[in-house]
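Per-entry structural report
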Amino acid sequence: MVAAFGTERALYLGSYLDLAPSAAIRSVTYVDLDRRAARYFADPDRVAADLAGRTGAGAGEDVEFLEADYVSHLPVPDAAFDLIVSLYAGPTWDHPRRHLAPGGLFLANASHGDASLAALDESLEFVAAVQHRGDDYRLDREGLDTYLVPKKPAAADAELIRAAGKGIAYTRPAFAYVFRLR
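Residues numbered from 1 in each chain as written. Predicted model: local features only at pLDDT ≥ 70, side-chain atom pairs only at ≥ 80, totals over all residues. Heavy atoms only, no water.

What to know about the environment of S111
Mapped onto the secondary structure, S111 falls in the loop between β5 (100–108) and α4 (114–120). Overall, S111 belongs to the partly exposed group, its relative accessible area being 31%. Put simply, S111 and F175 are 64 residues apart on the chain and 9.6 Å apart in space, counted from C-alpha to C-alpha. Contacts of S111, omitting those with residues within four sequence positions, involve Y88, G165, K166 and G167. A polar contact is formed between the side chain of S111 and the side chain of N109, at a distance of 3.2 Å. (Helix = DSSP H or I, 4+ residues; strand = E, 2+ residues; numbered from the N terminus. Buried < 20%, exposed > 50% of the residue type's maximum accessible area, 1.4 Å probe, protein only. Contact = heavy atoms within 4.5 Å. Polar contact = N/O pair within 3.5 Å; in protein donor to acceptor, adjacent residues only side chain to side chain.)

Right, here's the structure in full:
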């Protein structure tokens, strides 16, 4: 995905101990309130050892961790990231959107409502579905109109999604969805 979109700087909300973005992206800021994550990221030698031999060229150069609530103001600049990741952390989209650069990407899944909220947000364009099988991930950019079709159309209501804190079911699901800020 990184090569397909030229991502250089990412903000990963609710990251816990998942270093995967640093294997492909030069600079990643991880955000979580979990104390175990804070202890892990406080040891830069351990993080570097875990990334050793697992990064692409230029990836993993800048790893930062913020022990913070990602649904409140974050101490990072506005429009500073070309990718925001929210997997199993949402719904978060309403809060960090200010940190996404114009043309930047939002990667989310449907579990906690982020993909569902993003699909309803007119400031975002759906550009790819991420399919997952075993250890393989692929971007699907064809037939995007067949994704994000709610099984129950009445469920596609932003306020209901926020109140429930979970995503809606789609007729053709994907592991995650990629949206571009217009």
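Additional details are given in the paragraphs that follow.
Some details on the nonpolar core
With 33 residues, the main nonpolar core has V31, F106, F126, Y147, Y177 and F179 as its most contacted residues. Those elements that provide at least two residues to this core are β1 (9–13), β4 (81–86), β5, α4, β6 (124–133) and β8 (176–181). In contact with F126, other than residues within four places in its own chain, are L144, Y147, L148, Y177, V178 and F179. Membership of the second largest hydrophobic core comes to 24 residues, among which are Y30, V47, F65 and L83. (Core = buried A, V, L, I, M, F, W, Y, C linked by side-chain atoms within 4.5 Å.)

Looking at the pairing of strand β7 (residues 136–140)
The pairing of β6 with β7 spans five bridges and is antiparallel. Note that in β7 the partner of V130 across the bridge is L139. Linkage of β6 to β7, two consecutive antiparallel strands, is achieved through a turn of two residues, within which G134 is found at a positive phi near 60 degrees. (Pairing = 2+ DSSP bridges.)

Thoughts on the pattern of salt bridges
On inspection of all chains with the given rule, the structure shows seven salt bridges. A salt bridge links D34 to R36, with the shortest nitrogen-to-oxygen separation between them at 2.7 Å. D78 is paired through a salt bridge with R98; the nearest N and O atoms lie 2.9 Å apart. Of this pair, D78 sits in the loop between β3 (62–67) and β4 while R98 is found in the loop between β4 and β5, placing the two residues 20 residues apart along the sequence. Shared partners join several salt bridges into a network, and the residues in it are D94, E159 and R162. (Salt bridge = Lys/Arg side-chain N within 4 Å of Asp/Glu carboxyl O.)

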